[in-house]
Amino acid sequence: MPTRDQTTKKSARAAAPPAPRRRRRQAERNAETRLNLLTAAARTIFEIGYSRASIGEIVKRAGLTKGAHLHHFQTKEQLIASTIEHLFAEVRAKQEPLVSQPSAPAEVLESRLEQAAANAFDWRFVALLEIWMAARTEPQIHSAFAEHEARHAATRRHWFEDVIGADALDESDVMDVVGGFNFLLRGLFLQQILGGDWRTNPTWRYWRREVARELERALSAAAAVRREKSGAPVSG
């Protein structure tokens, strides 16, 4: 006959949740802590600048105890590299493809460019800009930034490939135009940090119109190629 201690231990084992469930809950807590750290790092860099965003300050703003970050990030460089990934992912999540259908008039495309610019250049851009400047003298940060910048550009190209088609895209200069437009926007937003509003800048209005026209031409050319391949008559 089992003793009282044996019965108690057996009951305790029976009442304990399965190990996989405990591991899943721990994994969820780890993921939440990691996201909390990345969010705190991004906001801290935006609010007080990269140079003042120490590990201690980020951990404090995340509401964690000292040293709680070590399970996820051993150094500030590791944390910042992951923060870059986090910020680029948030920027991509906020943006919809500029071109989402086989054809669109320039006026519609201009409106989409306006919205895409407004979505892209918020506080996250300022945080990335702070890190961007630090990347000049910090090789690990430079490498992480270059990697995610390239991935961001690839995503943008995939949007256009889905609608225009890879062959038509290669034959046009639309990606060069869009890439140059992106660099222009960065410059305009830098100017806004110092004062002014990029939306009212004549340079912005001119290039927004020109990029919309180039996108319209690329869509029209791609549509003609598709019609020719399908045997449908091509309108003149």
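Each chain has its residues counted from 1, running along the sequence as written. A pLDDT threshold of at least 70 governs which residues receive local features in this predicted model, and a stricter bar of 80 or more applies before side-chain atom pairs are shown or counted, although totals over entire chains, interfaces and linings include all residues. Side-chain calculation: all heavy atoms of the structure are included, whereas hydrogens and water are not.

As for the overall build of the protein
Part 1 of the argument: Secondary structure is summarised from DSSP: a helix means a run of H or I of at least four residues, a strand means a run of E of at least two, and numbering begins at the N terminus for each. In terms of regular secondary structure, the protein is built from 10 helices and zero strands.
Part 2 of the argument: Along the protein, helices (α) and strands (β) appear in the sequence α-α-α-α-α-α-α-α-α-α when read from the amino end.
Part 3 of the argument: With 236 residues in all, the protein has 37% of them scored as buried.
Part 4 of the argument: Per-residue accessibility takes into account occlusion by the displayed protein chains alone, with areas from the Shrake-Rupley method and a 1.4 Å probe. Of the roughly 14000 Å² of accessible surface on the protein, a fraction of 53% belongs to carbon and sulfur atoms. Here the term buried applies to any residue with accessible area under 20% of the maximum for its type, exposed to any over 50%, and partly exposed to those in between, with areas from a 1.4 Å probe on protein chains only.

Let's talk about helix 5 (residues 106-120)
Part 1 of the argument: In this analysis, the expected span of each helix is defined as 1.5 Å times one less than the number of residues it contains. Between the first and last C-alpha of helix 5 there are 21 Å, a value that for 15 residues agrees with the 21 Å anticipated at 1.5 Å per step.
Part 2 of the argument: Every buried residue of helix 5 is listed here: Ala 106, Leu 109, Glu 110, Leu 113, Ala 116, Ala 117, Asn 119 and Ala 120.
Part 3 of the argument: Looking at the buried residues of helix 5, the elements they touch are helix 4 (76-94), helix 6 (123-134), helix 9 (174-194) and helix 10 (202-230). Only heavy atoms enter the contact rule, under which two residues are in contact if any of them lie within 4.5 Å.

Comments concerning the packing of helix 6 against helix 9
Part 1 of the argument: Helix axes are fitted only over the stretch in contact, all axes being lines through C-alpha atoms; the angle between N-to-C directions runs from 0 to 180 degrees. For the pair helix 6 and helix 9, the least separation of the axes is 12 Å and the interaxial angle reads 95°. In terms of orientation, helix 6 and helix 9 fall into the roughly perpendicular class. Of helix 9, the residues touching helix 6 (which contributes Phe 125, Val 126, Leu 129 and Trp 132) are Arg 186, Phe 189, Leu 190 and Ile 193. Should an angle fall under 35 degrees it is called roughly parallel, over 145 degrees roughly antiparallel, and 65 to 115 degrees roughly perpendicular, with every other angle called oblique.

Quick word on the confidence of the model for the protein
Part 1 of the argument: Scored from 0 to 100, pLDDT records how confident the predictor is in each individual residue. Considering every residue of the protein, the mean pLDDT works out to 80; 82% of them sit at 70 or more.
Part 2 of the argument: Within the protein, no element has a lower average pLDDT than helix 1 (residues 4-15), which sits at 56, and none a higher one than helix 3 (residues 55-61), at 93.

Thoughts on the pattern of salt bridges
Part 1 of the argument: Think of a salt bridge as a Lys or Arg side-chain nitrogen and an Asp or Glu carboxyl oxygen that are within 4 Å of each other. Applying the stated criterion across every chain yields a total of 12 salt bridges.
Part 2 of the argument: Measuring nitrogen to oxygen at the nearest pair gives 2.5 Å for the salt bridge that ties Arg 208 to Glu 114. Placement of the pair is Arg 208 in helix 10 and Glu 114 in helix 5, with a sequence separation of 94 residues.
Part 3 of the argument: For Glu 114, a relative accessible area of 23% gives the class partly exposed.
Part 4 of the argument: Notably, a salt bridge pairs Arg 124 with Asp 122, separated by 2.5 Å at the nearest N-O pair. The exposure classification of Arg 124 matches that of Asp 122, with both residues buried.
Part 5 of the argument: In the salt-bridge network here, residues are joined through shared partners; they are Arg 43, Glu 47, Glu 57, Lys 60 and Arg 61.

Thoughts on the nonpolar core
Part 1 of the argument: Only buried Ala, Val, Leu, Ile, Met, Phe, Trp, Tyr and Cys residues count toward a nonpolar core, and they belong to the same one when joined by side-chain atoms within 4.5 Å. Residues Ile 84 and Ile 131 are the most contacted members of the largest nonpolar core, which totals 28 residues.
Part 2 of the argument: Going through the elements one at a time, helix 2 (19-48), helix 3, helix 4, helix 6 and helix 7 (139-164) are the ones with two or more residues in this core.
Part 3 of the argument: Setting aside residues no more than four positions away along its own chain, Ile 84 makes contact with Leu 128, Ile 131, Ile 141, Ala 144, Phe 145 and His 148.

Concerning helix 10
Part 1 of the argument: Here helix 10 contains 29 residues, and its C-alpha end-to-end distance of 42 Å stays within 8% of the 42 Å for a straight helix at 1.5 Å per residue.
Part 2 of the argument: Think of a polar contact as two N or O atoms within 3.5 Å of one another; within protein, one of them needs to be a possible hydrogen donor and the other a possible acceptor, and neighboring residues in sequence only count if both atoms come from side chains. For helix 10, the N-terminal capping position is held by Asn 201, with its side-chain oxygen 2.8 Å away from the main-chain nitrogen of Thr 203.

Re the side chain of His 148
Part 1 of the argument: With respect to the secondary-structure elements, His 148 resides in helix 7.
Part 2 of the argument: Leave out the neighbours within four places in its chain, and His 148 touches Ile 84, Glu 85 and Phe 88.

Here we look at the environment of Ile 80
Part 1 of the argument: Looking at where Ile 80 falls in the secondary structure, it is placed in helix 4.
Part 2 of the argument: Using a relative accessible area of 0% as the deciding quantity, one classes Ile 80 as buried.
Part 3 of the argument: Counting along the chain gives 39 residues from Ile 80 to Ala 41, while the straight-line C-alpha distance between them is 7.6 Å.

Topic: a positive patch on the surface
Part 1 of the argument: A patch consists of residues exposed above 30% relative accessible area that lack any salt bridge, with like charges linked at up to 9 Å and nonpolar side chains (Val, Leu, Ile, Met, Phe, Trp, Tyr) linked at up to 5 Å. Positive charges are assigned to Lys and Arg, negative charges to Asp and Glu, while His and the chain termini are left out of the count. By convention, the charge on Lys lies at NZ, on Arg at CZ, on Asp at CG and on Glu at CD. Judged by side-chain charge, Arg 21, Arg 22, Arg 25 and Arg 29 come together as a positively charged surface patch.
Part 2 of the argument: Within the fold, Arg 29 resides in helix 2.
Part 3 of the argument: The exposure class assigned to Arg 29 is partly exposed, which follows from its relative accessible area of 43%.

Some thoughts on the packing of helix 9 against helix 10
Part 1 of the argument: Their axes nearest at 10 Å, the elements helix 9 and helix 10 cross at an angle of 160°. By the angle class used here, helix 9 and helix 10 are roughly antiparallel. For the element pair helix 9 and helix 10, the recorded crossing hand is left-handed. Here Val 174, Val 177, Val 178, Phe 181, Leu 184, Leu 185 and Leu 188 of helix 9 come into contact with helix 10, specifically with Thr 203, Trp 204, Trp 207, Arg 208, Val 211, Glu 214, Leu 215 and Ala 218.
Part 2 of the argument: Polar here means any residue other than Ala, Val, Leu, Ile, Met, Phe, Trp, Tyr, Cys and Pro, which are nonpolar, and Asp, Glu, Lys and Arg, which are charged; Gly is therefore polar. Among the residues making up the contact of helix 9 with helix 10, the classes are represented as 12 nonpolar, one polar and two charged. Left-handed describes a crossing in which the near helix is turned anticlockwise from the far one by less than a right angle; the clockwise case is right-handed.

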